[in-house]
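Examination of the molecular architecture
For reference, the chains in residue letters:
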Amino acid sequence: MAISAMDVIILVAYLILTLFIGWYVSKKITGFDDFAVGGRSFGPFVLAATFGATNFSTWSMVGKPGVVYNAGISVSWIALNACACVLAAVVFVPVYRKLRYTTMSEIFEDRYDGRVRGLISIIWVIADTMNRFGVTTYAAAVIISMLFGVNLQVIILATAGIVLIYTYLGGLKSVVITDVIQFVLMWIGLFIGAIFIFRQFNGWEGLMASLPEGMMDWVPAADNGNGWPWILAMTLLGFPYFITSQFVMQRGLGAKTVNVARWGILLAGLIAIPMAIMEILPGLAAKTMLDASEVAAMNSDMVGPAIYMKLLPPGLLGIFFSALIAAGFSTADSALCASSTLITEDFYRKFRPHEKPEKYLKVTRMVTILMAVLGTGWALLVPVFGGALDAILNVISITDMPIFVMVILAVFFKKIHAAGALAGIVAGTLCGTIASITGAGGIQGLAVTTAASTLGSLVVGIAVSFFLKRGKEEENRLEQFYRKIAE
């Protein structure tokens, strides 16, 4: 089915609206805090929408159906990682807000030292820019390329340019406002898609009845690539995503109050469950609606869009694909804003601590351009790594788990010190990288990589902390850190 003129008008109108918001918000951005944390002005429903839009991006809405097509209904367990929202809201959000951080990396200097903070910032910049910005830009470009038949590389460049413009202009406030609109579009799009899929199969039971027997296993055995080890890994990966990443928690830092941040992230976790179910439907439907030879000839990330191209009429198709593109923008802009803020706050301000807010804003915008260029280069390489979902999960399992471990130890284990944290992060990242490169675990590679990075950081961090003593200066820093939390 070809895209109609009405669909094109809807898509173009959405893109124009997104750019307009960036321009309009830019007039109210006067300093670095406005750009980085939106003046700490966001309410609970805005936070829930922006958390939700960032969480359910095009990499899942495009990448997930292809995985579901091959693995079955067990992929829906990805929604379990939203359980981390409860822990984030009850334990960690109050700590972060009480300490009045601008970036998440500040906790590492408060609790450990500047070396640990610098290392974390470098890892996050690489993960957010190269991985999240690059992968989600690619995923959004896949949809546009499929609709218009334009070369994918050209669309990647154009998509990255649009995200760069409105993020450059409005910072986090622009990102959050566009996220709210994008979140509404995503819900409408997924809901429309679900209705047409259920109508095609006469409801959920009809869809289930059309599937091969192996597709119906909710918890497959370990010899299935998406068996119980994969489910456990996916659940575990939700904790660093919701609790310690600058990419997500920057929104919590921008909340009006602690309670606003708590309710925002709890609502986001609640929203995640029905969205995760709706996301798997096109992958299940593809088993019946697409020939195996047809799927074999296409990029796995094209499976979901192909189903909707078959089902949706003109007008609704434009709304749905606007929703998919919006999902990509909502994550790409967050990654871009997070990485540029980290570089300004954690590196430039260290060397130039007495600049005016306007100067920090200018530097942050220049860094935003640089990060967009690097992330676009990564987007062009995503197909080499097996598609959107595999690319982003692999990097998260390597980089995010060691950082999460060190935050948990920072809050709950007083014996851990800076040298232990530094050694643990390096060891965990290396263990995860080695496991990934060597293909350890075979079809359960994600689970093994996640376990390697987690256990490597935990064991080495604690061991080094027991063998080496912390200095007097760090002892004082430790006491101040716990005093701040207790206030």
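Residues numbered from 1 in each chain as written. Predicted model: local features only at pLDDT ≥ 70, side-chain atom pairs only at ≥ 80, totals over all residues. Heavy atoms only, no water.

**Re the nonpolar core**
Within the largest apolar cluster, 130 residues are counted, with the highest numbers of intra-cluster contacts made by Y96, F108, Y112, F321 and M406. In terms of residue count, the dominant contributor to this core is helix 8 (residues 152-201) (17 residues). Among all residues touching Y112, those that are not within four sequence positions of it are I107, M406, L409, A410, I416, H417, A418, A421, E474 and R477. (Core = buried A, V, L, I, M, F, W, Y, C linked by side-chain atoms within 4.5 Å. Buried < 20%, exposed > 50% of the residue type's maximum accessible area, 1.4 Å probe, protein only. Helix = DSSP H or I, 4+ residues; strand = E, 2+ residues; numbered from the N terminus. Contact = heavy atoms within 4.5 Å.)

**Digging into helix 18 (residues 418-438)**
For helix 18, with 21 residues, the first-to-last C-alpha span of 30 Å sits near the 30 Å given by 1.5 Å per residue. Within helix 18, burial applies to A418, G420, A421, G424, I425, A427, G428, T429, G432 and A435. Residue G439 follows helix 18 closely and has a positive phi angle near 75°. (Expected span 1.5 Å × (residues − 1).)

**Some words on the packing of aromatic side chains**
Tallied over the full model, the rule gives eight aromatic pairs. Both rings, one in F108 and one in W124, keep their centres 6.1 Å apart while their planes meet at 70°; by these two values the pair is edge-to-face. Here F108 is found in helix 6 (residues 106-111), whereas its partner W124 is found in helix 7 (residues 114-148), with 16 residues between them in sequence. Here F108 falls in the buried class, since its relative accessible area comes to 1%. For W124, a relative accessible area of 2% corresponds to the buried category. Ring centres 6.4 Å apart and planes at 70° place the aromatic pair F198 and W204 in the edge-to-face group. (Phe/Tyr/Trp six-rings, centres within 6.5 Å; stacked < 30°, edge-to-face > 60°.)

**As for helix 14 (residues 303-311)**
The buried count for helix 14 comes to eight of nine residues, which makes it a mostly enclosed element. When helix 14 is considered as a whole, its buried residues turn out to be V303, G304, P305, A306, I307, Y308, M309 and L311.

**Topic: the pattern of salt bridges**
Overall, the coordinates contain nine salt bridges when judged by the stated rule. With a closest N to O distance of 2.6 Å, K350 and E109 form a salt bridge. Placement of K350 in helix 15 (residues 316-351) and of E109 in helix 6 is noted, with a sequence separation of 241 residues between them. Judged by relative accessible area, K350 falls into the partly exposed class, the value being 40%. E109 sits in the partly exposed class, given a relative accessible area of 22%. The partner of D110 in a salt bridge is K484, and the shortest N-O contact between them spans 3.5 Å. One end of the pair, D110, is in helix 6; the other, K484, is in helix 20 (residues 472-486), and 374 residues separate them in sequence. Residue classification places K484 among the partly exposed positions, given a relative accessible area of 35%. (Salt bridge = Lys/Arg side-chain N within 4 Å of Asp/Glu carboxyl O.)

**Quick notes on a nonpolar patch on the surface**
On the surface, a cluster of nonpolar side chains totalling about 590 Å² of accessible area is made up of W204, W218, V219, W228, L232 and I277. By the element assignment, W218 lies in the loop between helix 9 (204-209) and helix 10 (228-243). Given the relative accessible area of 40%, W218 is considered partly exposed. (Patch = residues over 30% accessible without salt bridge, like charges linked within 9 Å, V, L, I, M, F, W, Y side chains within 5 Å. Areas by Shrake-Rupley, 256 points an atom, 1.4 Å probe, with all protein chains shown as cover.)

Spatial relationships are all this shows, so hold off on functional conclusions.
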